[in-house]
Amino acid sequence: MKAIWITAEQEAGEIKPVAYELLTRGRALAKKSGRRLGAMVFGENISEAGLNELIARGADRVVAMEAPELKHFSVEPYSVCMLELIRKYEPEIILAAATSTGRTLMPYVAMTCHAGLTADCTELDIEAETGLLLQTRPAIGGNIMATIKCPEHRPQMATIRPKSTPESPQTAGRTGEIIRLEAPAAIKRTRVEYNGFEPDDEEISLQDAEKIVVVGRGIKTEANIKSARELADLLGAALGATREVVDRGWLNYSHQIGLSGKTVTPRLYVGIGVSGAIQHLAGMQTAECIIAINKDPDAQIFHIADFGIVGDLFEVLPVLIGKLKRGEKIC
Amino acid sequence: MRIAVAVKQVPETKSVKMDPETRTVVRQGVQAIINPLDLYAIEAALRLKESCDAQITALSMGPPQAVNALKEAVAMGIDQAVLISDRAFSGSDTWATSYILAAAIRKLGGFELILCGERATDGDTGQVGPEMAAALGLPVITYVNHIHELRAGTLKISRLVEGGMEKLALRLPGVITVVKEIGEPRLPTFRGKLKAKKLDIPVLNLEILQLDKQLIGLDGSPTRVVKIFRPEIVRRCHLFRAETETQTKAAVEAMLALMNREEVKSA
Ligand SMILES: Cc1cc2nc3c(=O)[nH]c(=O)nc-3n(C[C@H](O)[C@H](O)[C@H](O)COP(=O)(O)OP(=O)(O)OC[C@H]3O[C@@H](n4cnc5c(N)ncnc54)[C@H](O)[C@@H]3O)c2cc1C
Ligand SMILES: Nc1ncnc2c1ncn2[C@@H]1O[C@H](COP(=O)(O)O)[C@@H](O)[C@H]1O
């Protein structure tokens, strides 16, 4: 029976954790449809431990293709590899993370093999009667959710919003097959040259942060961001922003949370002067605990918050910061 | 050098409403605008034109009124515009759209660089750029935030990825999709507006493009929307008012207590 596959991204030979989120999705679908779960990895010198971990976390079979041309993502060689895998294994479903890599590779491949592709899904399911993949994603600027399926073309392809599901845990003693395949010769043909990487440290901290303080337009001026930053520092939190704040240039785009920014799933989200527009909620509603400070009692954000303070942030923040400074510490 | 910019006309999403009875999107009375993220692609093309000798063509696939999006592009300084429109194209998903756009680009011929926005604010997939590239057999670089240099048919650029920026060189012809950091879009000029008003925008239809009906419109689209619905919101919020100093103090204390509890819970 044709299998369900995930694509596991790697960096410097190590599997990126976002692959484990895909394994969670893949396992659920495999269980429901009685299919096996495969994982494909393209890279150079991929660690054996990494491939084993994919099995421990839910893959039944792992196929790795390695070559110097695959060290960094590049759409031409990577698509050659995925298409070869599709030819060989005829996957029923392929899932990739909706990352810069997944969002580039998947459409390129889907076009070439005339497959249907749904972007940025937040929910997946198997339709009971037909066994088809049901893909749900926000549409029309996050105002609605749409469920999409692909009745005839194969594979059924979807990119999945990162951080929209937990990572699949390791199960000791889980077994599976590891296959190292030679990459097709056509990977040599590429018209893109890789010339290096410049890290952005701020970028990293927001996506992995356990706590996030988010400023909205209620903060009023760029200068006032200072007090939000102070609160973030006191809480040991990263600083995020709504699009209104980013569009005004008060913080740069890497801070933006929401539909057209990042999705975050922190343990604690504190929104200050954030209205809670649906496009913003799309990026943070899976936070474990949501706290909001807003002077408008009807603000949308209170509908999804666990705790809200209806008041002027310029009155509330100083009291909060004062208390935290005096050692009413959050452990 | 000839550059193509793909622009889409989209509904102004901020004003999109759902009909709670029929559970469908109310498009009536919703204003159509040029996809805001495509303005950055236009800007990138115009900046390239300043540094080299380029002819820029804006392309849009859509209903006849999509000429308005094209006119806006021309008003900003784009040289030419082509509308790709036919009843048979309606119902196309990203696969079929990309297939049609690629056919139009091939028909017009001679483009060395094709620019797209990061994504359209209605469909919000960001798939059309890479799909069009695949259909044309060209390389694609997505999320481009800087174009450093164009020399001897090679474009040196940076690309925004998780955790930083990649530096890449693209041997043209090729496709790129750009993000906001590429540069603030300029406003239309008076001269541009005049030009747009007078410009006769040619239309490429099914007959001209000679496409297989099995590969366009609904028939050519692998995906089907089976359901649309409003996302549910489920949480109960403890609301504290902070109108007086005493209230503020109490509210903040309750908030800190909650944070501590949460901390304990997950520790
Ligand atoms: C296609 C599309 C994509 C989008 N993507 C995103 C996205 O990724 N992320 C995003 O955030 N937005 C996004 N948006 C924009 C979104 O619709 C909202 O406009 C935005 O989230 C609102 O930001 P805000 O809450 O900061 O501002 P506002 O909506 O203006 O809210 C400001 C809030 O501050 C409160 N306030 C004002 N003064 C005070 C005070 N003194 N004390 C306390 N409270 C105060 C007000 O009551 C108000 O609720 C997108 C929109 C579209 C159409
Ligand atoms: N109908 C269209 N006509 C012209 N360009 C389009 C069309 N649809 C999408 N594009 C281009 O592809 C990009 C991504 O769109 P999408 O994949 O729909 O999010 C847009 O920013 C446009 O540059």
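Residues numbered from 1 in each chain as written. Chains lettered and ligands numbered in written order. Predicted model: local features only at pLDDT ≥ 70, side-chain atom pairs only at ≥ 80, totals over all residues. Heavy atoms only, no water.

1. Overview of the overall build of chain B
Turning to step 1, where the next piece is worked out: If you tally the helices and strands in chain B, you get eight helices and 15 strands.
Turning to step 2, where the next piece is worked out: Relative to a compact globule of 267 residues, whose C-alpha radius of gyration would be 18 Å, chain B shows 23 Å and is clearly more extended.
Turning to step 3, where the next piece is worked out: Each principal axis of the C-alpha atoms in chain B carries an extent, and together these give about 70 × 50 × 40 Å.
Turning to step 4, where the next piece is worked out: Taking all 267 residues of chain B together, 51% fall into the buried category.
Turning to step 5, where the next piece is worked out: By sequence separation, contacts in chain B at least 24 residues apart represent 69% of the contacts at least 6 residues apart. (Helix = DSSP H or I, 4+ residues; strand = E, 2+ residues; numbered from the N terminus. Rg over C-alpha atoms; globule rule 2.2 N^0.38 Å. Buried < 20%, exposed > 50% of the residue type's maximum accessible area, 1.4 Å probe, protein only. Contact = heavy atoms within 4.5 Å.)

2. Digging into the site of ligand 1
Turning to step 1, where the next piece is worked out: Around ligand 1 lies a shell of 30 residues, among which A:Arg217, A:Thr242, A:Ser260, A:Ser275 and A:Gln279 are the nearest.
Turning to step 2, where the next piece is worked out: Lying at an intersection of chains, ligand 1 is approached by residues of chains A and B.
Turning to step 3, where the next piece is worked out: A distance of 2.6 Å is found between an oxygen atom of ligand 1 and a side-chain nitrogen or oxygen belonging to A:Thr242.
Turning to step 4, where the next piece is worked out: Taking A:Gln256, its side chain carries an N or O atom lying 3.2 Å from an oxygen atom of ligand 1.
Turning to step 5, where the next piece is worked out: When ligand 1 is considered free in solution it has 990 Å² of accessible area, and contact with the protein chains removes 89% of it.
Turning to step 6, where the next piece is worked out: At the level of secondary structure, the elements contributing two or more residues to the shell around ligand 1 comprise α7 (243-247), α8 (278-281) and α10 (313-325) of chain A.
Turning to step 7, where the next piece is worked out: Looking at the shell around ligand 1 residue by residue, the class counts come to six nonpolar, 16 polar and eight charged. (Near = heavy atom within 4 Å. Polar contact = N/O pair within 3.5 Å; in protein donor to acceptor, adjacent residues only side chain to side chain. Areas by Shrake-Rupley, 256 points an atom, 1.4 Å probe, with all protein chains shown as cover. Nonpolar A, V, L, I, M, F, W, Y, C, P; charged D, E, K, R; others polar.)

3. Notes on the site of ligand 2
Residue and element names in this part refer to chain B.
Turning to step 1, where the next piece is worked out: If you check the shell around ligand 2, you find 18 residues, and the closest are Ala6, Asp38, Ala120, Thr125 and Gly126.
Turning to step 2, where the next piece is worked out: With respect to ligand 2, the backbone of alanine 6 contributes an N or O atom lying 2.6 Å from an oxygen atom.
Turning to step 3, where the next piece is worked out: Burial of ligand 2 by the protein chains amounts to 98% of its free accessible area of 480 Å².
Turning to step 4, where the next piece is worked out: Within the residue set of the shell around ligand 2, elements represented by two or more residues are β6 (55-61), α3 (94-108) and β8 (113-117).
Turning to step 5, where the next piece is worked out: In terms of residue count, the dominant contributor to the shell around ligand 2 is β6 (three residues).

4. Brief notes about the sheet that holds strand β14 (residues 224-229) of chain B
Turning to step 1, where the next piece is worked out: Here we have four strands laid out as an open sheet, ordered β8(A)-β9(A)-β10(A)-β14(B), and antiparallel in their pairing. Looking at the sheet topology across the chains shown, the edges are occupied by β8 (123-126) of chain A together with β14 of chain B. When the angles between neighbouring strand axes are averaged without regard to direction, this sheet yields 25°.
Turning to step 2, where the next piece is worked out: Across five bridges, the pairing between strand β10 (residues 144-149) of chain A and β14(B) is antiparallel. (Pairing = 2+ DSSP bridges. Axes fitted to C-alpha atoms, helices over the stretch in contact; angles between N-to-C directions.)

5. As for the packing of α3(B) against helix α4 (residues 128-136) of chain B
The description of two packed helices rests on the angle between their axes and on the distance between the axes.
Residue and element names in this part refer to chain B.
Turning to step 1, where the next piece is worked out: Between α3 and α4, whose axes approach to 8 Å, the crossing angle comes to 55°. If you check the angle between α3 and α4, you find them oblique. Of the two elements, α3 crosses α4, and the hand of that crossing is right-handed. Residue-level inspection shows Thr94, Trp95, Thr97, Ser98, Leu101, Ala102, Ile105 and Arg106 of α3 in contact with α4, the latter providing Val128, Glu131, Met132, Ala135 and Leu136. (Parallel < 35°, antiparallel > 145°, perpendicular 65-115°, else oblique. Left-handed = near helix turned anticlockwise from the far one by under 90°.)

6. A look at the pairing of strand β10 (residues 154-161) of chain B
All names here are of chain B.
Turning to step 1, where the next piece is worked out: Where strand β9 (residues 140-151) lies against β10, six bridges are found, and the strand directions are antiparallel. Bridge pairing in β10 links histidine 146 to serine 158.
Turning to step 2, where the next piece is worked out: The antiparallel pairing of β9 with β10 creates a hairpin that spans two residues between the two strands, and alanine 152 there sits at a positive phi of about 50°.
Turning to step 3, where the next piece is worked out: Pairing of β10 with strand β11 (residues 164-171) involves eight bridges; the strand directions are antiparallel. Residue pairing for β11: leucine 155 is matched across the bridge by leucine 170.

7. What to know about the pattern of salt bridges
Turning to step 1, where the next piece is worked out: Applying the stated rule across the entire model yields 36 salt bridges over all chains.
Turning to step 2, where the next piece is worked out: For A:Glu210, the salt bridge is made with A:Arg267, and the minimal N-O distance between the two is 2.9 Å. Within this pair, whereas A:Glu210 is found in the loop between α5 (201-208) and β14 (211-215), its partner A:Arg267 is found in the loop between α7 and β16 (268-272), the two being separated by 57 residues in sequence.
Turning to step 3, where the next piece is worked out: In this structure, a network of salt bridges that share partners links the residues B:Glu43, B:Arg47, B:Glu50 and B:Arg186. (Salt bridge = Lys/Arg side-chain N within 4 Å of Asp/Glu carboxyl O.)

8. So, the nonpolar core
Turning to step 1, where the next piece is worked out: Counting residues in hydrophobic clusters, the biggest one holds 61 residues, and the most contacted among them are A:Phe42, A:Leu70, A:Met82, A:Met157, B:Ile84, B:Phe89 and B:Ile114.
Turning to step 2, where the next piece is worked out: The contacts of B:Ile84, once residues within four sequence positions are left out, are B:Leu59, B:Ser60, B:Met61, B:Gly62, B:Phe89, B:Ile100, B:Leu101, B:Ala104, B:Leu204 and B:Leu209.
Turning to step 3, where the next piece is worked out: Within the second largest apolar cluster, 40 residues are counted, among which are B:Ala75, B:Ile78, B:Leu113 and B:Leu170. (Core = buried A, V, L, I, M, F, W, Y, C linked by side-chain atoms within 4.5 Å.)

9. A word on the interface of chain A and chain B
Turning to step 1, where the next piece is worked out: Opposite the 93 residues of chain A that make contact, chain B presents 79 residues.
Turning to step 2, where the next piece is worked out: Regarding the contact of chain A and chain B, the summed buried area is about 7,600 Å², with carbon and sulfur atoms giving 60% of it.
Turning to step 3, where the next piece is worked out: Of the charged contacts in the structure, one is a salt bridge between B:Lys180 and A:Asp247, with a shortest N-O distance of 2.7 Å.
Turning to step 4, where the next piece is worked out: Joining chain A to chain B, the criterion identifies 33 residue pairs in polar contact (both at pLDDT 80 or more).
Turning to step 5, where the next piece is worked out: Broken down by element, the residue count for the side of chain A that touches chain B peaks at eight residues, all from strand β13 (residues 192-199) of chain A. (Buried area = accessible area lost by both parts, 1.4 Å probe.)

10. Overview of the domain arrangement of chain A
Residue and element names in this part refer to chain A.
Turning to step 1, where the next piece is worked out: What the domain assignment reports for chain A is domain 1 (4-188) and domain 2 (206-325).
Turning to step 2, where the next piece is worked out: Placing the centre of domain 1 and that of domain 2 at their C-alpha centroids yields a distance of 33 Å.
Turning to step 3, where the next piece is worked out: Of the residues lining the interface, seven residues belong to domain 1; the matching set on domain 2 comes to 11 residues.
Turning to step 4, where the next piece is worked out: Where domain 1 packs against domain 2, one counts zero salt bridges.
Turning to step 5, where the next piece is worked out: Applying the counting criterion to the domain 1 and domain 2 interface returns four residue pairs in polar contact (both at pLDDT 80 or more).
Turning to step 6, where the next piece is worked out: For the side of domain 1 that touches domain 2, the class distribution of residues is two nonpolar, three polar and two charged. (Domains from an automatic or database assignment.)

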